[in-house]
Amino acid sequence: MPLTVPPAGASFLGAPVVTDLDGLAADYAVIGIPHGVPYDPEGPVTTASLAPRAVRERSERYGAFREHHDFDTGGPLLPPGVRVVDVGDVPTDPADPAGNRERASRAVAALLARGVVPVVLGGDDSTPPFALAAYAGHRPVTVVQVDAHVDYRDEVGGERHGYSSPMRRAAEMPWVERVVHVGIRGVGSARREDVEATLARGNAIVTAREVHERGAAAALERVPEGGRYYLAVDVDGFDPSVVPGTAALAPGGLSYWHGLDLVAGLQRRGEIVGLGFAEHYPDKDVNGLSALVIVRLIVAAIAAGGRRRGR
């Protein structure tokens, strides 16, 4: 399946663009999934579909800094020898949600089959299960969800794959050991029965207040040591002062430093085998700050992963 080539000059960090996945050789591959499962396929397309391009464009200036010292992570921006590529975007269509799921899962599965860690740029928050479906046949994973909301509705208006349900769909996958909800706060679509359902499944809820009081350790202690983690970030998990470019603003979210500590802690405790970002709305952003935070978190995860592998 050919992927869509990013606009000229807009690959992530200026990395090589490889849209033919046969024979791909890389450690990390950035892949865009612009559209997920809208609740109203006939309605207007949200600007979250423009997020993959916005993040790539914001990353461009860092392409020349690969060997520069990064004071946030304590080493070079990217360790020598870490191979990062950009494989473009999955062809998606808001009017074809089932096709979006199938094409995205197939593309991510192709990356995993080649030992490549996928870095997914959504799209709205219906997209994480697309990537997680590709882990069938691989060793189990723990999903670490950064979000203001647990996203555990079974259905909304009869739709079971929309952006209020991604963690419920993920938890139904046999290869997902546990979901750890991090940054939860405020009021969203969850009813009391949704909270009870996720806890009954053995998942964990770490509120934003807990993270502010105890740091990233409040979340890290809930994940299995030596585990394999998929980090699913809905950017509204961060405080609006950190990530203003999202639709569901809620005060009291995670700080930038909480995000960095979580990424580094996961790579020390086990291994991040995939990560994805969703719910970034470029038209709501301020000076590209939200896109920049996404870039910095991706770079931090890749750098920590490269050091973990001895690169």
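You'll find the structure just up there.
Being a predicted model, the structure only gives us computed values, none of them experimental.

The rules behind the values
Residue numbering note: each chain is counted from 1, following its sequence as written. The model is predicted, so local features are restricted to residues of pLDDT at least 70 and side-chain atom pairs to those at 80 or more, both for listing and for counting; the totals for chains, interfaces and linings are taken over all residues. The basis for every side-chain value is the complete set of non-hydrogen atoms in the structure, without hydrogens or water. A run of H or I in DSSP counts as a helix once it spans at least four residues, and a run of E counts as a strand once it spans at least two, with each numbered from the N terminus. Whether two residues are in contact is decided by their heavy atoms: any pair within 4.5 Å suffices. When a carboxyl oxygen of Asp or Glu lies within 4 Å of a side-chain nitrogen of Lys or Arg, that pair is called a salt bridge. Only protein chains enter the calculation, and the probe is 1.4 Å; a residue is then buried if its accessible area is under 20% of its type maximum, exposed if over 50%, and partly exposed in between. In plain words, nonpolar cores are sets of buried Ala, Val, Leu, Ile, Met, Phe, Trp, Tyr and Cys residues tied together by side-chain atoms within 4.5 Å.

Peer 1: Help me understand the environment of Val 156, please; the structure alone is not making it clear to me.
Peer 2: Topologically, Val 156 is positioned in the loop between β6 (141-146) and α4 (166-171). Taking C-alpha positions, Val 156 is 26 Å from Tyr 135, a pair spaced 21 residues apart along the chain. The residues touching Val 156, leaving out its near neighbours within four places in the chain, are Tyr 39 and Ser 164.

Peer 1: Before we go on, may I ask you to explain the pattern of salt bridges in this structure?
Peer 2: For the structure on display, the rule yields 19 salt bridges. Note that Arg 53 is salt-bridged to Glu 57, the shortest N-O span being 2.7 Å. In this pair, Arg 53 and Glu 57 both sit in helix α1 (residues 51-59), 4 residues apart, roughly one turn of the helix. Given the relative accessible area of 38%, Glu 57 is considered partly exposed. We note a salt bridge from Asp 154 to Arg 169, for which the minimum N-O separation is 2.7 Å. Remark: Arg 169 occurs in helix α4 and Asp 154 occurs in the loop between β6 and α4; sequence separation between them is 15 residues. Asp 154 sits in the partly exposed class, given a relative accessible area of 30%. Three or more residues joined by partner-sharing salt bridges are found here, namely Asp 154, Arg 160, Arg 169 and Glu 172.

Peer 1: Would you mind going over the nonpolar core with me for this structure?
Peer 2: One recurring pattern in soluble globular proteins is that nonpolar side chains are buried together. Formed by 53 residues in total, the largest nonpolar core has its most connected members in Phe 12, Val 144, Leu 231, Phe 238, Leu 262, Leu 266 and Ile 298. Per-element accounting of this core gives the leading share, 11 residues, to helix α9 (residues 289-308). Ignoring any residue separated from it by four or fewer positions in sequence, one finds Ile 298 in contact with Phe 12, Val 119, Leu 121, Leu 275 and Phe 277. Listed in part, the 41 residues of the second largest apolar core include Ile 33, Val 141, Met 173 and Tyr 230.

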